[in-house]
Amino acid sequence: MLARTAAFVGRTVRGEWYGIVVDPLRELRRRGPAALLLAFVACAGVIFFHAIAQHPAGATAVRVLGGVQGDLPLWVALLRTPVSLYVPALDLPVWAGITQLFLAFALAELALGRRRTLLIAYGSTLAGTLTVRVMLAAGPGWWGLGLPPEVGQVLDTGPSAAVVGLFTYLSVVRHAPVVFVLTGGSMVWESIAKPNLAGREHLVAVAAALAMGLVHERARRRREAATKVQDMVPV
């Protein structure tokens, strides 16, 4: 029994290694550094906004351009959300998150393509932004899901929700349960250990990316089934 379990875990980890790391690296060798455009742009954007935010006038400009809060008018929040993907949390060390940001965008861009990577990153971030507005509208005491009005003045998570969403989506479409458990589990632990706005937004990002990944997998299986049926039909 133990040997079978160990063999199963070994096969799973090996499959995830090839699906998440080896295959994208092969794609990188085939396409060259140009295949990492989104990863370079994301890191450059975070470094740029972090640098100008070190000065009072720059911090104000960053907040106006990409600072998303729950108490903003919806149209303002939607305009700022794309820029918020590059605005790091000012109370956290920016360099600690750049490696995760680069890996998430690089692996996703190589495995999924540029367009789908942007869709998943933006969709995960937007899901958190919109869900927070629903929680604020519900108010505190709503089965523990609502939020008090003062939370509406807290800035959102910035690029971290996109990172969480990309890793979650990759784990679904590349059938990587270990990566999924590590990503989703760490977000659950974060929300328990430090129950704040960021923890909730990260959980929403995981749920949104999971839903998008399951929809993609279902569509893929339908296409494969339709192709098999067509192949079985005599010409």
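To be clear, the structure that these remarks concern was listed above.
This is a predicted model, so every value here is computed, not measured.

Definitions and cut-offs
- Residues numbered from 1 in each chain as written.
- Predicted model: local features only at pLDDT ≥ 70, side-chain atom pairs only at ≥ 80, totals over all residues.
- Heavy atoms only, no water.
- Helix = DSSP H or I, 4+ residues; strand = E, 2+ residues; numbered from the N terminus.
- Buried < 20%, exposed > 50% of the residue type's maximum accessible area, 1.4 Å probe, protein only.
- Contact = heavy atoms within 4.5 Å.
- Areas by Shrake-Rupley, 256 points an atom, 1.4 Å probe, with all protein chains shown as cover.
- Arc of directions from axis to C-beta.
- Salt bridge = Lys/Arg side-chain N within 4 Å of Asp/Glu carboxyl O.
- Core = buried A, V, L, I, M, F, W, Y, C linked by side-chain atoms within 4.5 Å.
- Phe/Tyr/Trp six-rings, centres within 6.5 Å; stacked < 30°, edge-to-face > 60°.
- Patch = residues over 30% accessible without salt bridge, like charges linked within 9 Å, V, L, I, M, F, W, Y side chains within 5 Å.

**Student:** What's the story with the overall build of the chain in this structure? I'm lost.
**Tutor:** Counting its regular elements, the chain contains 9 helices and 0 strands. Across the chain, helices and strands are ordered from the amino to the carboxyl terminus as α-α-α-α-α-α-α-α-α. Across the 235 residues in the chain, those meeting the buried criterion constitute 41%. Counting only contacts in the chain whose residues sit at least 6 apart along the sequence, the fraction spanning at least 24 positions is 75%. Within the structure as shown, the chain displays about 13500 Å² of accessible surface, and the carbon and sulfur contribution to it stands at 70%.

**Student:** Help me understand unusual backbone geometry, please; the structure alone is not making it clear to me.
**Tutor:** Trans is the common state for peptide bonds, and a negative phi is the common state for residues other than glycine. With a phi close to 50°, His175 is a non-glycine residue in the positive phi region. In this structure, His175 sits in the loop between helix 7 (160-173) and helix 8 (177-193).

**Student:** Can you walk me through the side chain of Thr168 in this structure?
**Tutor:** Structurally, Thr168 can be placed in helix 7. Residues within four places of Thr168 in sequence aside, it is in contact with Phe180, Thr183, Val206, Ala209 and Leu210.

**Student:** I keep staring at helix 4 (residues 74-84) and nothing clicks. Help me out?
**Tutor:** Side chains of residues three or four places apart in an α-helix project in the same direction, reflecting 3.6 residues per turn. For helix 4, the set of buried residues is Val76, Ala77, Arg80, Thr81 and Ser84. Around the axis of helix 4, the buried residues are gathered within 140° of arc, so they sit on the same side. Exposed residues on helix 4 whose side chains face more than 90 degrees from its buried face are Trp75 and Leu79. Packing partners of the buried residues in helix 4 comprise helix 3 (56-66) and helix 6 (114-138).

**Student:** Is there a simple way to think about the pattern of salt bridges in this case?
**Tutor:** Side chains that differ in charge, positive against negative, can pair when their charged atoms come close. Within this structure, the stated rule accounts for 6 salt bridges. Ionic pairing is found between Asp23 and Arg174, a salt bridge with its closest N-O pair at 3.8 Å. With Asp23 in helix 1 (residues 2-31) and Arg174 in the loop between helix 7 and helix 8, this pair connects stretches of sequence that are 151 residues apart. The exposure class assigned to Arg174 is partly exposed, which follows from its relative accessible area of 25%. One salt bridge in this structure joins Arg30 and Glu27, with 2.5 Å as the shortest N-O distance. Note that Arg30 and Glu27 are positioned in helix 1 at a spacing of 3 residues, about one turn of the helix. Here the salt bridges do not stand alone but share partners, grouping Asp23, Arg26 and Arg174 into one network.

**Student:** What exactly am I supposed to notice about the nonpolar core here?
**Tutor:** Among soluble globular proteins, nonpolar side chains are generally buried collectively. Membership of the largest hydrophobic core comes to 31 residues, with the highest contact counts inside it found for Ile20, Leu101, Phe105, Leu112, Leu166, Tyr169 and Leu170. Only helix 2 (37-52), helix 5 (94-112), helix 6 and helix 7 provide two or more residues apiece to this core. Examining the composition of this core, we find that 10 residues originate from one element, helix 5, more than from any other. When near neighbours in sequence (up to four residues on either side) are disregarded, Ile20 contacts Leu107, Leu170, Arg174, Ala176 and Val179. Counting 6 residues, the second-largest nonpolar core is a separate cluster that includes Val132, Met135, Leu147 and Val151.

**Student:** Explain the environment of Gly128 here, please?
**Tutor:** Residue position: Gly128 is located in helix 6. A relative accessible area of 3% means that Gly128 is categorised as buried. As for Gly128 and Arg200, which are separated by 72 residues in sequence, their C-alpha atoms are 7.8 Å apart.

**Student:** Would you explain the packing of aromatic side chains in this entry?
**Tutor:** Remark: the centre distance and the inter-plane angle together describe each pair of aromatic rings, the angle taken between the planes. For the structure on display, the rule yields 2 aromatic pairs. Aromatic side chains Phe40 and Phe102 sit 5.5 Å apart centroid to centroid with 55° between the ring planes, which places their arrangement in the tilted category. Of this pair, Phe40 sits in helix 2 while Phe102 sits in helix 5; the two residues are 62 residues apart in sequence, bridging distant segments of the chain. The partly exposed category is assigned to Phe40, whose relative accessible area is 44%. Relative accessible area serves as the criterion here: at 25%, Phe102 is assigned to the partly exposed category. Seen in terms of ring centroids, Phe48 and Phe49 are 5.4 Å apart; in terms of plane orientation they differ by 70°. Their pairing is edge-to-face.

**Student:** For this particular structure, what's the right way to read the environment of Arg63?
**Tutor:** For Arg63, the position within the fold is in helix 3. Contacts of Arg63, omitting those with residues within four sequence positions, involve Gln69, Arg80, Gln153 and Leu155.

**Student:** Got a minute to help me understand a nonpolar patch on the surface in this structure?
**Tutor:** On the surface, Val13, Val178 and Leu182 cluster together into a nonpolar patch covering about 250 Å² of accessible area. Residue position: Val178 is located in helix 8.

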